[in-house]
Amino acid sequence: MIDHTNEQSRAASAELHRHDALTRAFPATWDGRVLFAIAFAFSVFQIATAAHMLDLPSQIVRAVHVGFVTVLVFPLLAAMGGGGVAKIVAWGLAFLGAAVAFYQCFEYAELLVRAGDPLPRDIVFGVVALAVVFAAAWALMGPALPIISGVFLAYSLLGEYLPPPFDHRGYDFSQVIDHMAYGTEGIYGIPTFVSSTYIFLFILFGAFLEKAGMIRLFNDVSLSFVGHKRGGAAKVAIISSGLMGTISGSGVANVVTTGQFTIPLMKKFGYRAAFAGGVEATASMGGQIMPPVMGAVAFIMAETLGVEYYEIVKAAVIPAILYFASAFWMVHLEAGKHGLLGLPKDQLPSAKAAILEQWHLILPLAALVWLLFSGYTPLFAGTVGLAFTGLLILGSSLALGLPAGVIRIIFWVGLGLVAAAFFQFGIGVIVAALALLIAGNAFLKGGRETLLICRDALAEGAKTALPVAIACALVGVIIGTMTLTGAANTFGQFIVSVGGKSLFLSLLLTMVTCLVLGMGIPTIPNYIITSSIAGPALLELGVPLIVSHMFVFYFGILADLTPPVALACFAAAPIARESGLKISIQAIKVAAAGFVIPFMAVYSPALMLQDGGAMAASIGFPAAVAYIVVKTGLAIALWGAAVVGFAAVRLGVFERVLAAAAAFTLLAALPITDEVGFALSAAFAFLIWRRVRQAAGRQKAEPA
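**Q** Account for the overall build of the protein chain, with residues named and values stated.
**A** Scanning the protein chain from terminus to terminus reveals 32 helices and 2 strands. Counting over 704 residues, the protein chain shows a buried share of 56%. At a minimum sequence separation of 6, the contacts of the protein chain that also span at least 24 residues come to 75%. A total accessible area of about 28600 Å² is found for the protein chain, and carbon and sulfur atoms account for 70% of it.

**Q** Which residues make up the confidence of the model for the protein chain, and what are the values?
**A** Low pLDDT means the predicted coordinates in that region are not meant to be read closely. Across the protein chain, pLDDT averages 80, with 88% of residues at or above 70. For residues 1–5, every residue scores under 50 in pLDDT, and the model assigns this stretch 1 contact once sequence neighbours within four places are set aside.

**Q** Describe a nonpolar patch on the surface, listing the residues and the values that go with them.
**A** A contiguous nonpolar surface patch, about 320 Å² in accessible area, is contributed by Ile-355, Trp-359, Ile-362 and Leu-363. Within the secondary structure layout, Leu-363 lies in helix H17 (residues 362–373).

**Q** Describe the packing of aromatic side chains, and please don't skip the residues or the numbers.
**A** For any pair of aromatic rings, the description consists of the separation of the ring centres together with the inter-plane angle of the planes. Per the counting criterion, the structure on display carries 15 aromatic pairs. Summarising the aromatic geometry, the rings of Phe-42 and Phe-68 are spaced 4.8 Å apart at their centres and angled 15 degrees between planes, so their arrangement reads as stacked. Separated by 26 residues along the polypeptide, Phe-42 in helix H2 (residues 30–50) and Phe-68 in helix H3 (residues 58–79) bring together distant segments of the chain. Aromatic rings pair up to connect Phe-42, Phe-45, Phe-68 and Phe-200 into one cluster.

**Q** How would you explain the pattern of salt bridges if you had to name every residue and give the values?
**A** Overall, the coordinates contain 10 salt bridges when judged by the stated rule. Across the salt bridge formed by Arg-272 and Glu-334, the nearest N and O atoms sit 2.7 Å from each other. One end of the pair, Arg-272, is in the loop between helix H12 (251–268) and helix H13 (273–286); the other, Glu-334, is in helix H15 (residues 309–338), with 62 residues separating them in the sequence. With relative accessibility at 5%, the residue Glu-334 sits in the buried group. Where Lys-463 meets Glu-460, a salt bridge forms, and the shortest distance between an N and an O atom there is 3.2 Å. Here Lys-463 and its partner Glu-460 are both found in helix H21 (residues 445–485), 3 residues apart, which amounts to about one turn of the helix. Under the relative-accessibility criterion, Lys-463 is labelled buried at 1%. Counted as one network, the salt bridges with shared partners bring together Glu-107, Arg-114, Arg-121 and Asp-122.

**Q** How would you explain helix H4 (residues 84–106) if you had to name every residue and give the values?
**A** When the terminal C-alpha atoms of H4 are compared, their 33 Å separation across 23 residues agrees well with the 33 Å that a helix rising 1.5 Å per residue should span. Inspection of H4 places Ala-90, Ala-94, Gly-97, Val-100, Ala-101, Tyr-103 and Gln-104 among the buried residues, and these make up the whole buried set. On its buried side, H4 packs onto H3, helix H5 (108–113), helix H6 (120–141) and helix H8 (173–181).

**Q** Residues and numbers for the packing of H13 against H15, please.
**A** For the pair H13 and H15, interaxial distance at closest approach is 10 Å and the crossing angle is 165 degrees. With respect to H15, the element H13 is oriented roughly antiparallel. Between H13 and H15 lies a crossing whose hand is left-handed. Residue-level inspection shows Phe-275, Val-279, Thr-282, Ala-283 and Gly-286 of H13 in contact with H15, the latter providing Tyr-323, Phe-324, Met-330, Val-331 and Glu-334. Of the residues in the contact of H13 with H15, the class split is 7 nonpolar, 2 polar and 1 charged.

**Q** Pulling in residues and values, what's your account of the nonpolar core?
**A** Formed by 214 residues in total, the largest nonpolar core has its most connected members in Met-266, Val-279, Met-550, Phe-551, Phe-555 and Leu-561. Ranked by residues supplied to this core, first place goes to H21 with 20 residues. Ignoring anything within four residues of it in the chain, the contact list for Phe-551 reads Leu-507, Thr-510, Met-511, Leu-538, Pro-598, Phe-599 and Val-602.

**Q** Go over helix H14 (residues 297–305), please, and point to the residues and values.
**A** Counting buried positions along H14 yields 7 of 9 residues, so the element is predominantly enclosed. Turning to H14, its buried residues are Val-297, Ala-298, Phe-299, Ile-300, Met-301, Ala-302 and Leu-305. Considering only its buried residues, H14 is in contact with helix H9 (190–212), H15, helix H18 (378–399), H21, helix H24 (523–540) and helix H25 (545–558). Following H14 by one or two positions, Gly-306 has its phi on the positive side, about 70 degrees.

**Q** Tell me about the packing of H6 against H21, and name the residues and values.
**A** Direction vectors running N to C along H6 and H21 enclose 135 degrees, while the axes themselves pass 9 Å from each other. Taken together, the axes of H6 and H21 lie oblique to each other. When the axes of H6 and H21 are compared, the crossing they make is left-handed. The segment H6 lies against H21, with Leu-130, Val-133, Phe-134, Ala-136, Ala-137, Leu-140 and Met-141 engaging Leu-466, Pro-467, Ile-470, Ala-471, Ala-473, Leu-474 and Val-477. The residue makeup of the contact of H6 with H21, split by class, is 14 nonpolar, no polar and no charged.

**Q** Residue-level account of the side chain of His-179, with values.
**A** Note that His-179 resides in helix H8. Contacts of His-179, omitting those with residues within four sequence positions, involve Glu-185, Gly-186, Gly-480, Thr-483 and Leu-484.

**Q** Talk me through the environment of Ala-154; I want residue IDs and the actual numbers.
**A** Here Ala-154 is to be found in helix H7 (residues 144–158). Along the chain, Ala-154 and Thr-481 lie 327 residues apart, while their C-alpha atoms are 9.3 Å from each other.

**Q** Which residues make up unusual backbone geometry, and what values go with them?
**A** Positive phi values are uncommon outside glycine, yet Arg-577 reaches one of about 60 degrees. By the secondary structure assignment, Arg-577 is in the loop between helix H26 (567–576) and helix H27 (580–590). With a phi close to 55 degrees, Leu-609 is a non-glycine residue in the positive phi region. If you trace the backbone, Leu-609 turns up in the loop between helix H28 (592–603) and helix H29 (614–619).

**Q** Go over the side chain of Asp-31 with me, naming the residues and quoting the values.
**A** Within the secondary structure, Asp-31 sits in helix H2. Polar contacts involving the side chain of Asp-31 include one to the side chain of Thr-29, which spans 2.4 Å. Here Lys-87 takes part through its side chain, which lies 3.3 Å from a polar atom of the side chain of Asp-31. Residues within four places of Asp-31 in sequence aside, it is in contact with Ala-79, Lys-87 and Trp-91.

**Q** Explain the environment of Leu-667 residue by residue, including any values.
**A** Within the element layout of this structure, Leu-667 appears in helix H31 (residues 653–667). On the basis of relative accessibility, which here comes to 24%, the residue Leu-667 falls in the partly exposed class. When sequence neighbours within four positions are dropped, the list of residues in contact with Leu-667 reads Val-596, Met-600 and Ala-635.

Criteria and cut-off values
- Residues numbered from 1 in each chain as written.
- Predicted model: local features only at pLDDT ≥ 70, side-chain atom pairs only at ≥ 80, totals over all residues.
- Heavy atoms only, no water.
- Helix = DSSP H or I, 4+ residues; strand = E, 2+ residues; numbered from the N terminus.
- Buried < 20%, exposed > 50% of the residue type's maximum accessible area, 1.4 Å probe, protein only.
- Contact = heavy atoms within 4.5 Å.
- Areas by Shrake-Rupley, 256 points an atom, 1.4 Å probe, with all protein chains shown as cover.
- pLDDT = per-residue confidence, 0-100.
- Patch = residues over 30% accessible without salt bridge, like charges linked within 9 Å, V, L, I, M, F, W, Y side chains within 5 Å.
- Salt bridge = Lys/Arg side-chain N within 4 Å of Asp/Glu carboxyl O.
- Phe/Tyr/Trp six-rings, centres within 6.5 Å; stacked < 30°, edge-to-face > 60°.
- Expected span 1.5 Å × (residues − 1).
- Axes fitted to C-alpha atoms, helices over the stretch in contact; angles between N-to-C directions.
- Parallel < 35°, antiparallel > 145°, perpendicular 65-115°, else oblique.
- Left-handed = near helix turned anticlockwise from the far one by under 90°.
- Nonpolar A, V, L, I, M, F, W, Y, C, P; charged D, E, K, R; others polar.
- Core = buried A, V, L, I, M, F, W, Y, C linked by side-chain atoms within 4.5 Å.
- Polar contact = N/O pair within 3.5 Å; in protein donor to acceptor, adjacent residues only side chain to side chain.

Okay, structure coming up:
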């Protein structure tokens with residue numbers, strides 16, 4: 001058992017090492033400089049195509065996107081620690097990736113004509129494309145996703161030899177390769193389309209804001225609001241990590257950025273190391289369910305379901321608030337149990353001063369949210385948000401060189417009018433304004449530093465996008481297998497057959513599937529796989545469409561908190577100086593709401609602001625929403641008291657069991673369980689009230 005645990009720890013450490021290679025700066029070597037230039041060009045290409053300054057067919061954009069990724073991955077990992085032979089092999093694989101992208105572009109028209117009837121050279125390049133994508137995913141993310149995708153690819157080729165009902169009619173080798181490596185069903189399918197458009201832009205958006213100091217702004221505001229409260233250090237971690245999650249696409253990246261500040265702060269003020277790491281991991285992963293970005297899954301979900309983006313956000317907003325409220329409540333109780341006080345108020349930064357100093361960083365995020373909720377496409381909103389961020393960063397640098405007062409105000413008003421002119425005259429106005437700002441900054445010392453920050457943000461953003469992009473390409477093999485063979489039906493029929501006897505068992509089976517897959521796969525491919533397999537089955541069982549997809553999305557995220565892999569927890573381990581598995585146990589306690597909310601939403605869709613459910617039909621939709629939110633909040637509060645063992649006073653075994661029983665009955669969706677739950681809650685509240693009164697009486701009776 002010990003050896004097995006050590007092996008899991010080594011596997012997680014290896015994966016974190018690969019992640020660390022992407023968080024470090026480009027090496028100051030010849031190959032590091034070449035890779036920096038390629039990453040910069042990658043970002044410029046993506047911006048140019050998103051802004052329609054470079055109009056190319058979607059297939060070519062996808063092929064070049066994957067080409068850039070495969071060119072960067074191998075040499076980048078080799079440059080971070082590989083020897084001479086490793087670098088030669090890496091650049092050789094990068095050349096193959098570039099050759100595949102060039103072939104797709106050069107032969108684009110001819111490939112369309114001979115679709116379904118590939119030439120021998122098409123098959124060769126198709127095999128090379130698949131091999132390079134598999135190798136890049138293995139090198140960057142470890143074996144889990146390549147092995148799963150390889151099993152699906154093998155099923156496409158050999159599934160005809162399996163016994164019924166797992167067999168299919170059989171497909172020729174050339175047909176499988178043509179399906180997987182060309183067109184829009186395999187590695188260039190919808191996941192790659194979304195990666196090459198929405199996701200890349202939003203990752204760049206986050207990279208620019210991070211370089212501009214958004215993390216510091218979030219930390220200062222969080223410290224000002226809650227730093228002085230009971231257990232303020234942990235509450236700061238939850239708020240700042242949650243805010244960071246609104247612009248970041250990676251929970252693990254959140255842990256290693258905000259965690260460098262929040263985990264030592266929590267430990268300094270008395271939180272156990274494992275608990276501090278668990279709080280940071282929980283909050284950072286929760287950032288992926290917090291609108292507007294939601295780890296970029298919101299865009300894939302909207303594209304997959306064919307619904308407007310704001311419909312996804314509408315479904316996510318109440319569960320996200322409950323998730324963070326739950327984490328907030330857990331750390332409040334932990335602080336109360338151990339008597340952990342807040343930070344001295346006179347040592348905390350001022351939120352007002354922080355916002356006045358860096359107000360311009362909030363504007364792009366506000367503009368992005370407004371555009372997304374005004375019905376504009378995520379691609380348009382992301383492009384505009386990124387352009388506005390560039391204008392504000394470059395403009396603020398120039399403004400510092402202007403005299404304070406009227407001239408500076410005129411400058412900002414003029415820049416605002418230029419930004420507004422975009423909606424009337426198009427992207428040309430923004431490009432011209434950016435060119436003028438770049439020229440102006442080039443003549444100022446501080447301006448040149450700002451230009452370097454922007455340049456670095458473009459390259460760093462491209463590097464950050466690599467794991468998501470390669471995962472989206474490889475998961476296309478799984479989607480391609482399903483569209484070619486109809487494999488999703490087999491597992492879906494099994495879930496439906498189980499659900500005919502018990503919907504709860506079907507949900508449990510789907511949850512376990514998501515957690516197991518998520519142990520080695522990033523959130524986005526995990527969502528794509530599980531939603532393709534389980535989503536239709538849950539829909540057939542009567543679960544509303546968006547709720548069924550949110551169900552698998554939630555558990556895909558929580559997989560990064562659950563043992564044995566718990567990648568977010570292992571990312572927190574070296575910062576907290578504690579075992580990743582111990583941190584994982586604490587994270588599960590803090591994130592208890594995340595495990596509960598998806599189940600409650602299935603039985604009461606009003607929790608996700610979706611129509612359906614018996615309650616909405618009987619008492620009306622607004623009343624159903626209010627009722628389920630109150631009930632869920634009460635259940636979360638009771639569960640927190642039961643887990644931590646504190647609620648105004650330390651709880652005994654009977655009181656903890658009573659709180660847990662009340663929470664469980666409130667969560668169940670069976671006749672009379674709500675009534676029982678509320679009765680048990682009242683009994684628990686009465687016991688606590690009586691103990692508090694007794695404690696107060698004893699305190700008064702004691703001599704001064």
